[in-house]
Amino acid sequence: MEPEEFVPPPECPVFEPTWEEFEDPLEYIAKIRPIAEKAGICKIRPPVDWQPPFAVEVDNFRFTPRIQRLNELEAETRVKLNYLDQIARFWEIQGSTLKIPNVERKMLDLFTLSKIVTEEGGYEVICKDRRWARVAQRMCYPSGKNIGSLLRSHYERIVYPYELYQSGANLAQCKARPLYDSEEIDKEYKPHSIPLRQSVQPPKTNSYGRRAKRLQADPEPSEEDIEKNPELRKLQIYGAGPKMMGLGLVAKDRNLRRRDKDIPECPPTLIVKDEPMEDIRLEPCTVEFCYDIKEEEEENGENSNTVSTKSTRLRRNAANSQFTRKPVAKAEFFVCRICARSDDDDKLLVCFVCNDTYHIYCLLPPLPEIPRTVWRCPKCVVEECKKPPEAFGFEQATREYTLQSFGEMADTFKSDYFSMPVHMVPTELVEKEFWRLVCSIDEDVTVEYGADIHSKEFGSGFPMKNGKRKLTPEEEEYAICGWNLNVLPVLDQSVLCHINADISGMKVPWLYVGMVFSTFCWHIEDHWSYSINYLHWGEPKTWYGVPSSAAELLEDVMKKLTPELFDSQPDLLHQLVTIMNPNILMSYGVPVFRTNQCAGEFVITFPRAYHSGFNQGYNFAEAVNFCTADWLPAGRRCIDHYRRLRRYCVFSHEELICKMAANPERLDLNLAAVVHKEMLVMVQEERKLRKALLDKGITEAEREAFELLPDDERQCNKCKTTCFLSALACYDCPDALVCLYHIDDLCKCPSNRHYLRYRYTLDELPTMLHKLKVRAESFDIWANKVKFTLEVIDGPKKTLEQLKALQWEAAEKKFPENDLLQQLRNAITEVEKCVSEAQSLVCTKKSSRVRSKLTVEQLKTFLDQIHTLPCIIHQEKDVKDLLESVESFQLLAQEALKVSPPNISDLRDLIEQGDHMVIDVPEMNQLRGQVQQALWLNEMRETLATSSSRHVTLDVMRRLMESGCNVTQNLEVEKAMAELQELLTISERWEEKAQICLEARQKHPPATLEAIIKEAETIPVFLPNILSLKETLLKARAWIADVEEIQNGDHYPCLDDLEGLVAVGRDLPVRMDELHHLEVQVMAAHSWREKACKTFLKKNSCYTLLEVLCPCNNVDSHNIKRARWKKEKDCSLFKSDIESLGLSAQDLREPGSVSLAFKEGEQKEKEYILQLRELNASKSQTSQRNEQQQYCVCGQPSNDLMLQCDLCKDWFHGTCVTYPKLTNQKHSLAWWDWDFRFLCPLCMRSRRPRLATILALLVALQKLPVRLPEGEALQCLTERAITWQDRARQALAVDEVTVLLEKLNELGQQLQNEVTKELVVLKESTRNEDSSQEGSAEGEGTVEDVIATLSDLEVINSYLPRLKGAVIEISESTQQQLEELMMEGDLLEVNLDETHTMWRILQAAGPPPLKTLQKFVEIEKSERKLSKAKGKDSEKKRKRKSERGDYTPTSQEELETKKSRDEPASDSCVKKKAPPATENQVESKEEHL
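Note that the structure is predicted; figures quoted are calculated from it, not measured.

Asks: Would you take a moment to explain unusual backbone geometry for this structure?
Replies: Phi is positive for Asn355, which is not a glycine, with a value near 65°. Among the structural elements, Asn355 can be located in the loop between strand S7 (348–350) and strand S8 (357–359). Classification of Asn355 as partly exposed rests on a relative accessible area of 25%. Phi at Lys1209 is positive, roughly 60°, even though this residue is not glycine. Within the secondary structure, Lys1209 is located in the loop between strand S26 (1202–1204) and strand S27 (1211–1213). What makes Lys1209 partly exposed here is its relative accessible area of 29%.

Asks: Just checking my understanding: could you explain the packing of aromatic side chains for this structure?
Replies: Remark: the centre distance and the inter-plane angle together describe each pair of aromatic rings, the angle taken between the planes. Taken as a whole and assessed by the stated rule, the structure comprises 44 aromatic pairs. Here the aromatic rings of Phe434 and Trp435 are separated by 4.9 Å at their centres, their planes lie at 75°, and the arrangement is edge-to-face. Phe434 gets classed as buried once you look at its relative accessible area, which sits at 0%. Given a relative accessible area of 4%, Trp435 falls into the buried group. Where Trp435 meets Tyr544, the ring centres are 5.6 Å apart and the plane angle is 70°; that geometry is what we call edge-to-face. Here Tyr544 lies in strand S15 (residues 541–546) and Trp435 lies in helix H13 (residues 427–438), a separation of 109 residues in the sequence. As far as burial versus exposure is concerned, Trp435 and Tyr544 are alike and both buried. Put simply, the rings of Phe6, Phe413, Tyr417, Phe418, Phe434, Trp435, Phe517, Tyr544 and Phe614 pair up and form one aromatic cluster. When the ring centre of Tyr642 is taken as origin, the NZ or CZ atom of Arg647, which lies over that ring, is 4.7 Å away. It is Arg759 that lies over the ring of Tyr760; its NZ or CZ is 4.6 Å from the centre.

Asks: Which parts of the structure should I look at to understand the pattern of salt bridges?
Replies: For the structure on display, the rule yields 55 salt bridges. Residue Glu552 pairs with Arg608 through a salt bridge whose shortest N-O separation is 3.4 Å. Here Glu552, found in helix H16 (residues 551–561), pairs with Arg608, found in the loop between strand S17 (602–605) and strand S18 (610–615); they are 56 residues apart in sequence, far enough to count as distant. For Glu552, a relative accessible area of 47% puts it in the partly exposed group. Arg608 gets classed as buried once you look at its relative accessible area, which sits at 13%. In the salt-bridge network here, residues are joined through shared partners; they are Glu119, Glu120, Asp129, Arg131, Arg134 and Arg138.

Asks: Would you mind showing me how to read the sheet that holds strand S13 (residues 519–523) here?
Replies: Within a beta sheet, neighbouring strands are joined by backbone hydrogen bonds and run either parallel or antiparallel to one another. Sheet architecture is open: four strands sit in the order S13-S18-S15-S16, paired in antiparallel fashion. Whereas interior strands pair on both sides, the edge strands pair on one side only; in this sheet they are S13 and strand S16 (593–597). Averaged over all pairs of adjacent strands, the angle between their axes in this sheet comes to 15°, without regard to strand direction. H13 rests against S13, S15, S16 and S18 of the sheet, and its axis sits at about 110° to S18.

Asks: Which parts of the structure should I look at to understand the packing of helix H3 (residues 75–93) against helix H7 (residues 147–167)?
Replies: Working note: a packed helix pair is described by the angle between its axes plus the distance between those axes. In the contact formed by H3 and H7, the axes pass within 10 Å of each other and the chain directions differ by 85°. Taken together, the axis directions place H3 and H7 in an arrangement best described as roughly perpendicular. Contact residues: H3 offers Tyr83, Gln86, Ile87, Phe90 and Trp91, while H7 offers Arg157, Ile158, Val159, Pro161, Tyr162, Glu163 and Tyr165. The residue makeup of the contact of H3 with H7, split by class, is nine nonpolar, one polar and two charged.

Asks: Is there a simple way to think about the pairing of strand S4 (residues 66–69) in this case?
Replies: Side chains on a regular strand alternate between the two faces of the sheet. Pairing of S4 with strand S9 (residues 395–396), which is carried by two bridges, proceeds in the antiparallel orientation. Note that in S9 the partner of Ile67 across the bridge is Glu395. Of the pairings in the sheet, the one linking S4 to strand S11 (residues 446–454) comprises four bridges and is antiparallel in character. Opposite Gln68, over in S11, you have Val447 as the bridge partner.

Asks: Before we go on, may I ask you to explain the nonpolar core in this structure?
Replies: Generally speaking, nonpolar side chains in soluble globular proteins are found buried as a group. Among the nonpolar cores identified, the biggest contains 135 residues, and Trp936, Trp1039, Phe1096, Cys1205, Phe1212, Trp1234 and Ile1401 are the most heavily contacted of them. Once residues lying within four places of it in the same chain are set aside, the contact partners of Trp1039 are Leu1061, Val1064, Gly1065, Leu1068, Met1072, Glu1074, Leu1075 and Leu1078.

Asks: Which parts of the structure should I look at to understand the packing of helix H40 (residues 1251–1262) against helix H41 (residues 1269–1292)?
Replies: Following both chains from N to C, one finds H40 and H41 inclined at 140°, their axes separated by 10 Å at the closest point. Judged by the inter-axis angle, H40 sits oblique to H41. As for the relative orientation of H40 and H41, their crossing is left-handed in sense. Packed against H40, whose contacting residues are Leu1251, Ile1254, Leu1255, Leu1257, Leu1258, Leu1261 and Gln1262, the element H41 presents Gly1271, Leu1274, Gln1275, Thr1278, Ala1281, Ile1282 and Gln1285 at the interface. The residue makeup of the contact of H40 with H41, split by class, is nine nonpolar, five polar and no charged.

Asks: Any chance you could explain the sheet that holds S17 here in plain terms?
Replies: Strand order in the open sheet formed by nine strands is S1-S2-S17-S14-S19-S12-S11-S4-S9, and the pairing between neighbours is mixed. Whereas interior strands pair on both sides, the edge strands pair on one side only; in this sheet they are strand S1 (14–15) and S9. Alignment of strand S12 (residues 510–514) against strand S19 (residues 619–626), held across five bridges, turns out to be antiparallel. Of the residues in S19, the one forming a bridge with Trp510 is Ala623. Where helix H2 (residues 25–36) meets the sheet, its contacts fall on S1, strand S2 (41–44), strand S14 (530–538), S17 and S19, and the angle it forms with S2 comes to roughly 130°. Across the sheet, helix H12 (residues 403–418) is in contact with S11, S12, S14 and S19; its angle to S11 comes to roughly 150°.

Asks: How should the side chain of Ser440 be read in this particular structure?
Replies: Assignment of secondary structure puts Ser440 in the loop between H13 and S11. There is a polar contact of 3.2 Å between the side chain of Ser440 and the backbone nitrogen of Glu443. Excluding its chain neighbours within four sequence positions, the residues that come into contact with Ser440 are Asn71 and Thr77.

Asks: Which parts of the structure should I look at to understand the confidence of the model for the protein?
Replies: Overall, the prediction assigns the protein a mean pLDDT of 75, with 77% of residues at 70 or greater. In the model, residues 1335–1343 has pLDDT below 50 throughout and makes five contacts with residues more than four positions away in sequence or in other chains. Across residues 1446–1489, where pLDDT falls below 50, the model places 72 contacts with residues more than four positions away in sequence or in other chains.

What counts and what doesn't
Residues numbered from 1 in each chain as written. Predicted model: local features only at pLDDT ≥ 70, side-chain atom pairs only at ≥ 80, totals over all residues. Heavy atoms only, no water. Helix = DSSP H or I, 4+ residues; strand = E, 2+ residues; numbered from the N terminus. Buried < 20%, exposed > 50% of the residue type's maximum accessible area, 1.4 Å probe, protein only. Phe/Tyr/Trp six-rings, centres within 6.5 Å; stacked < 30°, edge-to-face > 60°. Lys NZ or Arg CZ within 6 Å of the ring centre and 35° of its normal. Salt bridge = Lys/Arg side-chain N within 4 Å of Asp/Glu carboxyl O. Pairing = 2+ DSSP bridges. Axes fitted to C-alpha atoms, helices over the stretch in contact; angles between N-to-C directions. Contact = heavy atoms within 4.5 Å. Parallel < 35°, antiparallel > 145°, perpendicular 65-115°, else oblique. Nonpolar A, V, L, I, M, F, W, Y, C, P; charged D, E, K, R; others polar. Core = buried A, V, L, I, M, F, W, Y, C linked by side-chain atoms within 4.5 Å. Left-handed = near helix turned anticlockwise from the far one by under 90°. Polar contact = N/O pair within 3.5 Å; in protein donor to acceptor, adjacent residues only side chain to side chain. pLDDT = per-residue confidence, 0-100.

As structure tokens, then:
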């Protein structure tokens, strides 16, 4: 039968005291007792900061634990085990060992089987009614498997013979039963055995219990036995563990053991063999029983219905153990004790123990033949089996542990058992496993428990003041703490402090070192006292408790369920060796509670509260008993209970009561009252007992100081009670002593030899009782005095000193806290307070000291309070006088308040008089209120007077309103407040309107603002927002006037003036239509300026638009430009637009000033360029260059690749500037058509748009009603360009120049034809060389295709030697005119075709500039090398990225966009007629820079 899963009982109460409650332990326990004792146990969690240090000397702490076998602890399980012991003993006596069979793969519960069979009517009834199936059902076996028949077979073979002997049926006299020849004879006897209830026997050096001791001498199976016995073979295969169930029956003599397989299954049957009669003598003979036991066993891979029958037969041979019978004188003495006949002497058996003889056929059941082993008669067998079992108890282990070694053993056991770390095992799992193990018969788990270790010998876990070592301040604090278990039992409120002896376990704590499953069984404390347990450290301890009200019910349930245990051990529950599953107790109505005690927590058990539990793991606890006043009645009942159980007492309860009664002054009131009640009961009982003694005729007596005798010399021989008040002794029997409850059990001597030994006479006991009564009733006397004093009404009152005397008496006599004492304290406190208050009133009246005043009602109440005090005070008359003076002042004040209009001077005099009084008179507020009303009304009238109303602000009005609210209201004040509130509301409304208009969230027209201002002017209050609105309106009108003035002027307004007006107009919170028109004009002007900037200015240009448009007329500006190109951040290097023309801001506003300044700048610019050429002439010769001289825009020294600007004649590094690339042009031998004219970035400041583009800008400018300095400058530039263009065209229209141009065109055509012929020849040669690789179809192509196959630089280099110079001749005057016009045209920031035409003529008139061209080629070569190197690096990076998978190809459009975005500042230097490839050239310049 599977045990039901354990269900945890409900939790017991848990308390968490505050520090204040934690101060007094016994008081707190008494406080929680009404709640906690209902559960029997409770848990207390101390405050968090209460953590006593662990005081045990760990290194010196050594102990020997107890051994606990878990399944022997549980009551019902132990009954089953004892039953198995008895039945095993029964078969052992008869020479067999018991083997418990398996049914349904589980060991058969023989005890339950026997119990159910008995309950069902017995073996014969069940067999007759065929109710074995019902037996199987009650044992929870499944139906339909013929389990009933199997149970019957097992019962017949194992249990029934034992039950037969137990019932004594085999001892009844009966005739010899006839023999049945039809019965099969089985000469084999199959013995039964249960060697142990654990898998292997304990080692011979360490015994684990009485069962192990009895079976230790049994030989262990040999290898031959294991081979022959399949069950032993199984056991060997699977190793150690609870596997003895199912083990085959083992014969004790291996030599005669054999196995028969073919014997059929049959019930035990006796066959008596007929043999010839011989002389009466005993020979070795053998008795054999045959028991076949079926076992159902499912083999792996076979059908589950397959049943194998195993028949194990073992024989015990007595050849080596023949017994010697006692000598018999005559044969006729051998008479059968059943039939009383002596015939058939060869069938007679002689008992080995008692020598009685029996016929083998007279026995029940009869024997088939003479047994060959030692034989015992049925009577001896029954006597042996009915011997009471040994008292169960725990054995001590043989090993001594330290805390460390025990902890290692405990943790290892737990972790191995649960297969997980000890700290991870849930407490619920441990609890369920514990109750499963203790209820299991076949699983035997053994643990060790270090219990009841004396702290006096090994040291307490709490610090102690024993002088052994010096304590630290922290230890000192815990050593005297009431919760220290060494201090708690001997506190003044504890009864045990009156016992002088150190009772170990009660007054002196015991220590407990536990491991998992180690158990403390159901028990109550000695003398039913309280107990307290503190867990110092380690894993939790699980507790179960039963309240005292259910203690007898628990005892009855356990006796009912396990009567066998209590029959042999009536005081079993006092031995702490038996537990029972709480679920079983709860099923019978026993209330059980549980808790898990963690480290640092207390568990308290209450009087006669049964409790038990077990440890969750390795831990260290300490426990002690204590007794309070409420325990005394329970202690007396406990002594009566012990007397009935004949149990020894730990101390004498009578002695404890008498000792406390002898010194009543040491007892507190509660304890004295309880001791008096107990003493009274004890004296009355003693009188009755002594009277019974006199009635019996015993008159001799002598005094005996029992407290001086050892306890064992004054114990009652009958009930073991420790005597103190009296005892009965005998003169002839000095060792005999009984209490007066058992006077008839002393001895058999005559009563005149008996005498009474007493401690106190019957006269002395009432004296002690009277002292206790006086101590207990002293409180009543004192209480009557206090009541009389506090409740006096008309009689004479006590003084304060007399009240304090009563309080001092209570403290002196240590009366407990009670309501009456608290009333006395409260009364004294009230009197002292009244005296102090009266004195303060009188002293304040005399000294005019500032203090909190009393009201008139409070003064009257105070005077009434003085009248009701339980004592008299002397200041009562002064208080009465004060009240009379206050009442007279009230009459004067009431008369003054009736005067209308009020007289302010009289009111102020009364207020001053009232302020000096120590009482707060209610009329004072009315007086002050009238004064405040008058003053406020005057202030309001003065403030709102017509002459000063314009200076009244809103804050002043609000202050008046606030002060008016604090004034006592009347009709006049309320009317004035209403007027003031109306004026304030109107003012705030207009201020709010003005504020909305000023915030400009929604602008309003001037007319709206003017209307608001006009209406607000009627309010007689100063309104700041209205004034601000008025100022805003004036500003708006002035702004409109300025706009009209500018718009109506003779000229268009300047952009700066319009921007200023727009900024001012936007800031005004007024909606003006003119503002929008101005904003449109300004936006159009800015749009035109941006368009002009995009047309002229280069990207990231360092020039402004006005600078570009105006002529450059300063020689020093060249250095400034160079500095700009170096990107220096010095602001002083930049000139403003105003400085560009030399005009002030006011001059720019004057019409025509820009044109005049531009005209002046033109002439200065020509002079400037001539000066600059002359200045740069010093750097013109390469041989004369100075290394310290700065060149180029970079300001660095010169190198071999220097280029000279055609305009300013300055030198620049070819790698720093943009130059005309020859490779990007269509070349021929007409070198004058090549574009190699170089203008430096300092001379070419803009993009130089074409004239048509500029004219479009001027057309857009004419549409703007705004004047722009840039627009006027652009007009001047355009006029200058057109003028120059006309002059240039006139110069080019001269006949000389026209002829020269025609000649140049013809010459250029001739040279081009020559080049074409040469390229055709080159093409033919190239095609012949590559014909093997290319098809003839690819031979067709143009000259350009042939040129493309050659390197562009190689073509240019091939042309240079063939260039011829001075192809035309020009007159000096014409050349000078063209050079002058060329210089002026280069100064213009406009792109004109005439400039290029004049440059061709001037170039053709001179020799070809071979050095300059060669420099261009060299510069381009160096750039290509640099670009190629960078290209390789870029290609390598691209390949590496593609290998890593990080490279993403970029489209051509993205590359171009990136180039345009990253174009450097040097790109702003535009070369004339540069092809699209210029962007690559610019990038190369940027890289070089």
